[in-house]
Amino acid sequence: MATLDSLYDDHLRILRQRTDEALAACGFDSLAIHSGRLWMQFLDDQPYPFKVNPHFKSWAPLTDTPDCWILYEPGKPLRLLFLQPNDYWHKTPQMPSEYWAARFHIEVMREASEARPHLMRLPNCALIGEWQAEYSEWGFAAGNPNGLLDRLHYHRASKTPYELECMRLASVRGARGHKAAEAAFRAGASELGIHVEYLRATQHSEAELPYPNIIALNEHAAVLHYQYQERQPPASLRSFLIDAGGEVAGYASDITRTYSSQHDEFQTLIAGMERLQLELCNEVRAGVDYANIHLSAHRRIASLLRDSDIISADADEAVASGLSGVFFPHGIGHLLGLQVHDVSGFTVNIDGKQKARPPGHPYLRLTRTLEPGFVVTIEPGLYFIDSLLAAARQAPYAGSINWKRVERFKPYGGIRIEDNVACTSGVPENLTRSAFSRID
Ligand code: GLY
Ligand code: MN
Ligand code: MN
């Protein structure tokens, strides 16, 4: 298997090519990318957790160093302004020495303000980073210009071989956490106990997670982005939904699994979802409009609901009337990469032209036609959500819902199964399934 080290030079070559084209098209001669700053909490001297600018980590996989800069001029050596403050309150960041660091000319700063003269010398420079009031004096030609961002974001959907390898490793990291979390669930742990096991197995601190873990027992699985962790296990353990990822070199995985505590009807429903989820993963092919996979998911989930005697309408009718959306109220997935909900899901050309969602599907995050190198999530869901069911009672299709069956399944909350799938020129590569088999 190729190492990150051996793939990184080619990654830089592709990034340079994309960046050179974007700078030329937008009339800039150089680029400055800020890693980000630490933001203080209101009336406090404690910072919020640091989140690095995704553009910065696409070049240099440094995710925990505020106030560093990448300076880029086409054809010239890459430069990194690296902040190593004289600060005895905090540990000074170590000089980078990993595979990527040798590709940069690294200049050490002791104060963040030392960046200014370097930046002012860059010709006709575009900045990418959170705009600060003081930057108006720093001579940037523009801050976060739309045309430039559109071009760079458009390309981010297509992963380089280096990025794909980072994402395979991020998938393995996440899969290790999922395996430990399932074992903790089977052993009767609380939501918090499962969460702690996940962190232990992935060796992630909580702040490093690519997104907050969703660790939901029983009815909590009906809350799409359930954000709490109960300290005590429930009296009766029925179901467990976990949506949790891992990160490697700044690239994320985003994985969901659902379990039943017993071999019961809910387990049968999970098995039905698993079957249709795998069929949907197989639809990730070059040339396919991703919105059609979303519509296919609606039809497949509607058929499962009917086969499970939860609704009586046929699949097409259930999709057309909005009935399938009562149970599957989110999109089938999204682009994945440096960000979990990665940018440019609607951008169909390099000039930033947007493609709208199909009418009636307001939460779909991706409408592009798939190309080799895209990594997407495929995450069908089926939930028993009180507020949506209450509204459904008033809807014209209320009579097509088997309310007794709904009441029976409500205590389990719901099901989501989410894999990360790379589009290729042939059969798709399921990063998540491969990762689980690598750790078995
Ligand atoms: N973990 C958030 C999502 O699946 O989109
Ligand atoms: Mn997820
Ligand atoms: Mn997702």
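About the thresholds
- Residues numbered from 1 in each chain as written.
- Chains lettered and ligands numbered in written order.
- Predicted model: local features only at pLDDT ≥ 70, side-chain atom pairs only at ≥ 80, totals over all residues.
- Heavy atoms only, no water.
- Helix = DSSP H or I, 4+ residues; strand = E, 2+ residues; numbered from the N terminus.
- Rg over C-alpha atoms; globule rule 2.2 N^0.38 Å.
- Buried < 20%, exposed > 50% of the residue type's maximum accessible area, 1.4 Å probe, protein only.
- Contact = heavy atoms within 4.5 Å.
- Areas by Shrake-Rupley, 256 points an atom, 1.4 Å probe, with all protein chains shown as cover.
- Lys, Arg positive; Asp, Glu negative; His and termini not counted.
- Charge placed at Lys NZ, Arg CZ, Asp CG, Glu CD.
- Phe/Tyr/Trp six-rings, centres within 6.5 Å; stacked < 30°, edge-to-face > 60°.
- Lys NZ or Arg CZ within 6 Å of the ring centre and 35° of its normal.
- Axes fitted to C-alpha atoms, helices over the stretch in contact; angles between N-to-C directions.
- Parallel < 35°, antiparallel > 145°, perpendicular 65-115°, else oblique.
- Left-handed = near helix turned anticlockwise from the far one by under 90°.
- Nonpolar A, V, L, I, M, F, W, Y, C, P; charged D, E, K, R; others polar.
- Polar contact = N/O pair within 3.5 Å; in protein donor to acceptor, adjacent residues only side chain to side chain.
- Donors = N, O, S within 2.8 Å, 3.2 Å for Na, K, Ca; no water.
- Tetrahedral: all angles 85-135°; square planar, octahedral: opposite > 155°, others 65-115°.
- Core = buried A, V, L, I, M, F, W, Y, C linked by side-chain atoms within 4.5 Å.
- Near = heavy atom within 4 Å.
- Disulfide = S-S within 2.5 Å.

**Points about the overall build of the chain**
Looking only at helices and strands, the chain has 13 helices and 16 strands in total. What you see for the chain is a C-alpha radius of gyration of 24 Å, in line with the 22 Å of a compact globule of 440 residues. Here the chain, with 440 residues, has 55% of them falling under the buried criterion. If you take every contact in the chain between residues at least 6 apart in sequence, the share linking residues at least 24 apart comes to 71%. Carbon and sulfur atoms make up 52% of the accessible area of the chain, which amounts to about 19300 Å² in all. Across the chain, the centroid of the 43 positively charged side chains sits 3 Å from that of the 53 negatively charged ones.

**Re the packing of aromatic side chains**
Considering all chains together, one arrives at 22 aromatic pairs under this definition. Here the aromatic rings of Y135 and F140 are separated by 5.6 Å at their centres, their planes lie at 80°, and the arrangement is edge-to-face. Taking the relative accessible area as the measure of exposure, F140 reaches 13% and is therefore buried. Above the ring of W39, the side-chain terminus of R37 is found at 5.4 Å from the ring centroid. For the cation-ring pair, R408 lies above F409, with the distance from its terminal atom to the ring centre recorded as 6.0 Å.

**Some thoughts on the packing of helix α7 (residues 265-281) against helix α8 (residues 290-307)**
Packing of α7 against α8 leaves a shortest axis separation of 10 Å and a crossing angle of 155°. On the basis of the axis angle, α7 is roughly antiparallel to α8. Classified by chirality, the crossing of α8 by α7 is right-handed. Residue-level inspection shows L269, G272, M273, L276, E279 and L280 of α7 in contact with α8, the latter providing I293, S296, A297, R300, I301 and L304. Of the residues in the contact of α7 with α8, the class split is eight nonpolar, two polar and two charged.

**Focus on the side chain of D264**
Structurally, the position occupied by D264 is in the loop between β11 (255-260) and α7. At 2.9 Å, the side chain of D264 and the side chain of S260 are in polar contact. A polar contact of 2.9 Å, which involves the side chain of D264, links it to the side chain of Y412.

**A short note on the environment of Y363**
Tracing the chain through its elements places Y363 in the loop between α10 (323-327) and β12 (375-378). Taking the relative accessible area as the measure of exposure, Y363 reaches 56% and is therefore exposed. For the pair Y363 and N213, spaced 150 residues apart in the sequence, the C-alpha separation amounts to 20 Å.

**A few points about the coordination of the manganese ion (ligand 3)**
Coordination of the manganese ion (ligand 3) by the protein comes from D254 (OD), H334 (NE2), E379 (OE) and E418 (OE), over a distance range of 2.0 to 2.2 Å. Seen from the manganese ion (ligand 3), its six donor atoms lie at angles of 51 to 156°, and the figure they make is irregular. Here the donor residues of the manganese ion (ligand 3) share one chain and are spaced in sequence as D-x79-H-x44-E-x38-E. The distance between the manganese ion (ligand 3) and the manganese ion (ligand 2) comes to 3.3 Å, and D254 binds to both of them. Of the two residues, E379 sits in the loop between β12 and β13 (381-383) while E418 sits in the loop between β14 (414-416) and β15 (419-422), which places them 39 residues apart along the sequence. The pair E379 / E418 is uniform in exposure class, with both members buried.

**Details of the nonpolar core**
A general trend in soluble globular proteins is that nonpolar side chains are found buried together. Core analysis: the largest hydrophobic core is formed by 62 residues, its most contacted members being W59, W69, L80, F104, L119 and F140. When residues in this core are grouped by element, the largest group, seven residues, is from helix α1 (residues 4-26). Not counting chain neighbours up to four residues away, the residues in contact with L119 comprise A32, W69, L71, W138 and F140. Counting residues in hydrophobic clusters, the runner-up holds 49 residues, among them L305, A313, A315 and A395.

**Points about the side chain of S35**
Its location among the elements puts S35 in the loop between β1 (30-34) and α2 (54-59). The residues touching S35, leaving out its near neighbours within four places in the chain, are F50, K51, V52, N53, F56, T65, P66, D67 and C68.

**Topic: the coordination of the manganese ion (ligand 2)**
On the protein side, the manganese ion (ligand 2) has D243 (OD), D243 (OD), D254 (OD) and E418 (OE) as donor atoms, found 2.0 to 2.4 Å from it. Viewed at the metal, the six donor atoms of the manganese ion (ligand 2) are separated by angles of 57 to 169°, and the geometry they form is irregular. Each donor residue of the manganese ion (ligand 2) belongs to the same chain, and together they define the spacing D-x10-D-x163-E. In this structure D243 comes out as buried when scored by relative accessible area, which is 4%.

**Section: the site of ligand 1**
Looking at ligand 1, the residues that line it are Y211, D243, D254, H334, H341, E379 and E418. The contact in question runs from a nitrogen atom of ligand 1 to an N or O atom on the side chain of D254, over 3.1 Å. Within the complex, 93% of the 200 Å² of free accessible area of ligand 1 lies under protein. Residue composition of the shell around ligand 1, grouped by class: one nonpolar, two polar and four charged.

**Structural notes on the state of the cysteines**
Scanning all chains against the criterion turns up zero disulfides. In this structure C166 is a free cysteine whose sulfur lies 19 Å from that of C68, the closest cysteine sulfur available. When its relative accessible area of 0% is taken as the criterion, C166 is described as buried. Among the cysteines around C423, which has no disulfide bond, C281 carries the closest sulfur, lying 12 Å off. The class of C423 is buried, set by a relative accessible area of 3%.

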